[in-house]
Amino acid sequence: MHLDLARAFTYAFEDKRWLRKLGVLFLIGLIPGLNLIAWVGYQQTVARNVLFSRTTPLPAWNDWGDILIRGLMTIVAGVAYFSPLLVVTCCTVVFGLAGGRDGGALLLSVRCLTFFIIAIYGSFAALLLSAGGVRYVRTDQYSSYFDVIGRLRDLFTHFGLYMPGFLVQMALLIVIIIIVPLSIITLIGPFLILTAFSVVNGHLIGQIARRVRT
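Residues numbered from 1 in each chain as written. Predicted model: local features only at pLDDT ≥ 70, side-chain atom pairs only at ≥ 80, totals over all residues. Heavy atoms only, no water.

Moving on, we get to helix α8 (residues 189-211). Note that an α-helix has 3.6 residues per turn; residues three or four places apart therefore point the same way. Counted at 1.5 Å a residue, the expected span for α8 with its 23 residues is 33 Å, and the 34 Å between its end C-alpha atoms agrees. Most of α8 is tucked away: 17 of the 23 residues are buried. (Helix = DSSP H or I, 4+ residues; strand = E, 2+ residues; numbered from the N terminus. Expected span 1.5 Å × (residues − 1). Buried < 20%, exposed > 50% of the residue type's maximum accessible area, 1.4 Å probe, protein only.)

Taking 1.5 Å of rise per residue, the 18 residues of helix α3 (residues 34-51) would be expected to cover 26 Å, and the 26 Å separating its terminal C-alpha atoms lies within 8% of that figure. Extensive coverage of α3 is indicated by the burial of 16 of its 18 residues. Remark: S53 follows α3 within two positions and exhibits a positive phi of approximately 55 degrees.

Inspection of the entire model under this criterion finds six salt bridges. One salt bridge connects D154 with R135, and the closest N-O pair in it is separated by 2.9 Å. Residue D154 is located in helix α6 (residues 148-157), and its partner R135 is located in helix α5 (residues 104-139); the two are separated by 19 residues in the primary sequence. Of the residues examined, D154 reaches a relative accessible area of 7% and is grouped as buried. Sharing partners across several salt bridges, the network here consists of R135, D147, R151 and D154. (Salt bridge = Lys/Arg side-chain N within 4 Å of Asp/Glu carboxyl O.)

Quick look at the side chain of T195 now. Considering the arrangement of structural elements, one finds T195 in helix α8. Ignoring sequence-local partners within four residues, the contact set of T195 consists of L22, L25, F26 and W39. (Contact = heavy atoms within 4.5 Å.)

Turning our attention to unusual backbone geometry. The phi dihedral of S53 falls on the positive side, at around 55 degrees, and the residue is not glycine. Assignment of secondary structure puts S53 in the loop between α3 and α4 (64-99). In the Ramachandran plot, L187 falls in the positive-phi region, its phi being about 70 degrees despite a non-glycine side chain. Looking at the secondary structure, you find L187 in the loop between α7 (159-182) and α8. Residue L187 is classed as exposed on the basis of its relative accessible area of 66%.

So, on to the packing of α3 against α8. Across the interface, α3 lies against α8 with an axial gap of 7 Å and an inter-helix angle of 35 degrees. Taken as a pair, α3 and α8 cross one another with a handedness that is right-handed. Of the residues in the contact of α3 with α8, the class split is 11 nonpolar, 10 polar and one charged. (Axes fitted to C-alpha atoms, helices over the stretch in contact; angles between N-to-C directions. Left-handed = near helix turned anticlockwise from the far one by under 90°. Nonpolar A, V, L, I, M, F, W, Y, C, P; charged D, E, K, R; others polar.)

Here the focus is the packing of aromatic side chains. Taken as a whole and judged by the stated rule, the model has six aromatic pairs. A centroid spacing of 4.9 Å and a plane angle of 80 degrees characterise the contact between F13 and W18, whose relative ring orientation is edge-to-face. On the basis of relative accessibility, which here comes to 29%, the residue W18 falls in the partly exposed class. Here Y42 and W61 contribute two aromatic rings whose centre-to-centre distance is 5.3 Å and whose plane-to-plane angle is 20 degrees, an arrangement assigned as stacked. In this pair, Y42 sits in helix α3 while W61 sits in the loop between α3 and α4, placing the two residues 19 residues apart along the sequence. (Phe/Tyr/Trp six-rings, centres within 6.5 Å; stacked < 30°, edge-to-face > 60°.)

Grouped together as the largest cluster of nonpolar side chains are 31 residues, with contacts concentrated most on V134 and Y162. Listed by contribution, the elements that provide at least two residues to this core are α3, α4, α5, α7 and α8. The biggest single contributor to this core is α5, with nine residues. If you look at the next biggest cluster of nonpolar residues, it comprises 16 residues, including Y11, L22, L25 and V46. (Core = buried A, V, L, I, M, F, W, Y, C linked by side-chain atoms within 4.5 Å.)

The analysis is restricted to geometry; functional conclusions fall outside its scope.
Next comes the structure, spelled out in structure tokens:
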């Protein structure tokens, strides 16, 4: 699948009110807790606008409630998807504390196994969550995230659509993880970068959603 990366980075500036719209998103991004909900919700709303070929995909803040609800629902789904990893990690920590220094070899084996489980399950959960996000964009139905059989069907049916898009999104996320700590010295740098990421990633999700026909 060909994703128009250049378009994802430039489309926002075609909106005559881009500064006002993104300015509001940036200001909300300064509020701990609410910022994550706003970034994710704005991303999902951008994706819906791209899906429906809106002339100006950047959402206005007239429907701020819908934006925040989409963000909150997506975050809750993400927590549900990755909560098993928290359980596995906690169990490993408890096992390590209980074993002390006596079970060095066994503890190392458990840690290696835990890392393997986290890597495999984490990658699968992220891909499945990505498919759920695309379906949520298309239907605006929160239940899309928890129809696991349906999302597996989506992945198998449109693997050539989802996998390249997922890899591009992960590459962007890795870049963000690297540059955000470097921008802390500017104080507002991380908030600007994460605001931009939500806008760019939203367009990419919308491109994928537009190509999924069923």
